[in-house]
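A structural walkthrough
What follows is each chain in one-letter form.
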Amino acid sequence: MASAYYEFYRGSSIGMALTDSLDELITSGAITPQLAMKVLQQFDKSLADTMVKQVKTKTNLKGHLHTYRFCDDVWTFVVKNPSFKMEGNEMVHASRIKIIACKNGDVIDSGKK
């Protein structure tokens, strides 16, 4: 069965560290490539579920929308000079961010649109 979760968290620092570790384990013969794929699929599911269930902080975002696209039910936004105003009035600034918005795994699994 194919994974119903998006793989973009694999590009995060923790995802790349996991991938590097799995590559070393495969190279040393400690695990099979099939087991490594199962671990990565579980990583995708766990991180997506955690983001949905445990991240509750709200923020306001202001900035210049530089680029946006919609492909395969995934929205991608690139915002330049964003300012985030957090719930406690804390301000966070950056030069550029990328926001990726997609359906969560539960919606994909159940076939909802």
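Above this text is the structure in question.
About the thresholds
- Residues numbered from 1 in each chain as written.
- Predicted model: local features only at pLDDT ≥ 70, side-chain atom pairs only at ≥ 80, totals over all residues.
- Heavy atoms only, no water.
- Axes fitted to C-alpha atoms, helices over the stretch in contact; angles between N-to-C directions.
- Helix = DSSP H or I, 4+ residues; strand = E, 2+ residues; numbered from the N terminus.
- Parallel < 35°, antiparallel > 145°, perpendicular 65-115°, else oblique.
- Left-handed = near helix turned anticlockwise from the far one by under 90°.
- Contact = heavy atoms within 4.5 Å.
- Nonpolar A, V, L, I, M, F, W, Y, C, P; charged D, E, K, R; others polar.
- Buried < 20%, exposed > 50% of the residue type's maximum accessible area, 1.4 Å probe, protein only.
- Salt bridge = Lys/Arg side-chain N within 4 Å of Asp/Glu carboxyl O.
- Pairing = 2+ DSSP bridges.
- Phe/Tyr/Trp six-rings, centres within 6.5 Å; stacked < 30°, edge-to-face > 60°.
- Expected span 1.5 Å × (residues − 1).

Two elements in contact, helix α1 (residues 13-28) and helix α2 (residues 33-54), have axes separated by 10 Å at closest approach and are oriented at 165°. Our classification of the angle between α1 and α2 gives roughly antiparallel. Along this stretch, α1 crosses α2, giving a crossing that reads as right-handed. From α1, Ile-14, Gly-15, Leu-18, Thr-19, Leu-22 and Ile-26 reach across to α2, where they touch Pro-33, Ala-36, Val-39, Leu-40 and Phe-43. Taken together, the residues of the contact of α1 with α2 sort by class into nine nonpolar, two polar and no charged.

Time to look at the environment of Lys-58. Secondary-structure assignment places Lys-58 in the loop between α2 and β1 (59-71). Relative accessible area serves as the criterion here: at 62%, Lys-58 is assigned to the exposed category. For the pair formed by Lys-58 and Gly-88, sequence separation is 30 residues and the distance between their alpha carbons is 9.7 Å. Discounting chain neighbours no more than four positions away, the residues touching Lys-58 are Lys-85, Met-86 and Glu-87.

Our next topic: the pattern of salt bridges. Any two side chains of opposite charge can pair if their charged atoms end up close together. Within the structure shown, the criterion is met by three salt bridges. A salt bridge links Lys-45 to Asp-49; its shortest N-O distance comes to 2.8 Å. On the criterion of helical spacing, the pair formed by Lys-45 and Asp-49 is a turn pair, its members being four residues apart in helix α2. Counted as one network, the salt bridges with shared partners bring together Glu-7, Arg-10 and Asp-44.

A few words on the pairing of β1. Here β1 pairs with strand β2 (residues 74-86) via eleven bridges, running antiparallel. Bridge pairing in β2 places Phe-70 opposite Trp-75. In sequence, β1 turns back onto β2 through a hairpin of two residues, with Asp-72 there showing a positive phi of about 55°.

We now examine the packing of aromatic side chains. Scanning the entire structure with this criterion turns up two aromatic pairs. With a centroid separation of 4.7 Å and 40° between ring planes, the pair formed by Phe-70 and Trp-75 is classed as tilted. You can call Phe-70 partly exposed: its relative accessible area is 47%. Note on Trp-75 and Phe-77: the rings are 5.6 Å apart at their centroids and 10° apart in plane angle, and the pair reads as stacked. The partly exposed category is assigned to Trp-75, whose relative accessible area is 36%. Put simply, the rings of Phe-70, Trp-75 and Phe-77 pair up and form one aromatic cluster.

Over its 16 residues, α1 runs 23 Å from end to end, which matches the ideal 22 Å to within 8%, given 1.5 Å per residue. Following α1 by one or two positions, Gly-29 adopts a phi angle in the positive range, close to 85°.

By themselves, these figures tell us nothing about what the structure is for.
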